[in-house]
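Commentary on secondary and tertiary structure
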Amino acid sequence: QAQLVESGGGLVQAGGSLRLSCAASGRTFNGYGMGWFRQAPGKEREFVATISWSGGSTRYVDSVKGRFTITRDNAKNTVYLQMNSLKPEDTAVYYCAARSRGTGTGTMEHEYDYWGQGTQVTVSS
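A short tour of the structure in this document, coming up.

Cut-offs used in this document
- Residues numbered from 1 in each chain as written.
- Predicted model: local features only at pLDDT ≥ 70, side-chain atom pairs only at ≥ 80, totals over all residues.
- Heavy atoms only, no water.
- Helix = DSSP H or I, 4+ residues; strand = E, 2+ residues; numbered from the N terminus.
- Rg over C-alpha atoms; globule rule 2.2 N^0.38 Å.
- Buried < 20%, exposed > 50% of the residue type's maximum accessible area, 1.4 Å probe, protein only.
- Areas by Shrake-Rupley, 256 points an atom, 1.4 Å probe, with all protein chains shown as cover.
- Lys, Arg positive; Asp, Glu negative; His and termini not counted.
- Charge placed at Lys NZ, Arg CZ, Asp CG, Glu CD.
- Disulfide = S-S within 2.5 Å.
- Core = buried A, V, L, I, M, F, W, Y, C linked by side-chain atoms within 4.5 Å.
- Contact = heavy atoms within 4.5 Å.
- Pairing = 2+ DSSP bridges.
- Axes fitted to C-alpha atoms, helices over the stretch in contact; angles between N-to-C directions.

1. Here we look at the overall build of the protein chain
When helices and strands are tallied, the protein chain shows zero helices and 11 strands. Helices (α) and strands (β) of the protein chain occur, in sequence order from the N terminus, as β-β-β-β-β-β-β-β-β-β-β. Relative to the compact-globule value of 14 Å for 125 residues, the protein chain shows a C-alpha radius of gyration of 13 Å, a close match. Reported as C-alpha extents along the three principal axes, the dimensions of the protein chain are approximately 40 × 25 × 25 Å. Considering the protein chain as a whole, with its 125 residues, one finds that 44% of them fall into the buried category. Accessible area of the protein chain: about 6,100 Å², with a carbon and sulfur share of 46%. Taken as two groups, the 13 positive and 10 negative side-chain charges of the protein chain have centres that lie 5 Å from each other.

2. Details of the state of the cysteines
The tally for this structure, following the rule as stated, stands at one disulfide. Bridging C22 to C96, the disulfide has an S-S length of 2.0 Å. Between C22 and C96 the sulfur-sulfur dihedral comes to about -75°; the bridge is accordingly left-handed. Taken as a pair, C22 in strand β3 (residues 18-25) and C96 in strand β9 (residues 92-99) lie far apart in primary sequence, 74 residues in all. Neither residue differs from the other here; C22 and C96 are each classed as buried.

3. Structural notes on unusual backbone geometry
Its identity as a non-glycine residue notwithstanding, N77 has a phi of 55°, on the positive side. Here N77 lies in the loop between β7 (68-73) and β8 (78-83). Judged by relative accessible area, N77 falls into the partly exposed class, the value being 27%. Although it is not a glycine, S85 adopts a positive phi angle of roughly 50°. Mapped onto the secondary structure, S85 falls in the loop between β8 and β9.

4. Some details on the nonpolar core
In terms of nonpolar packing, the biggest core is built from 28 residues, with M34, W36, L81, M83 and Y94 touching the most fellow members. Those elements that provide at least two residues to this core are β3, β4 (33-39), β5 (46-51), β7, β8, β9 and β11 (119-124). What L81 contacts, discounting residues up to four positions off in sequence, is L18, R19, L20, W36, V48, A49, F68, T69, I70 and Y94.

5. Points about the sheet that holds β7
Overall, antiparallel pairing links the four strands, which are arranged β1-β3-β8-β7 in an open sheet. If you trace the sheet from one side to the other, it starts and ends with β1 (3-7) and β7, each paired once. Across the sheet, the mean angle separating the axes of adjacent strands is 15° when strand polarity is ignored. Alignment of β7 against β8, held across six bridges, turns out to be antiparallel.

Here it is in structure tokens:
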């Protein structure tokens, strides 16, 4: 059974950094675009970042541009989200997702077929 497992979340002070990891198992995700989404309390889940299969194309929501970086290591079946200069408004549960319909990027939830269980990120002021 295909699984995506996120890790690396936690509590950090504003201005700090965290690196989230998303490890894929149970099947190959070769050729899949990947993405990170987040859901803050009382809010809908929103797109954060996405990366193509090759890693050559990335996209970000405006609020994290210049602070977050998405990368992937296909040999390890793992996607990363490096988060720097964290702000309290970045507090959310962060989800990793994989899309089978194309090797490129995707910013919409319905483009993704597989989801992880989420990892909590809390940024204190």
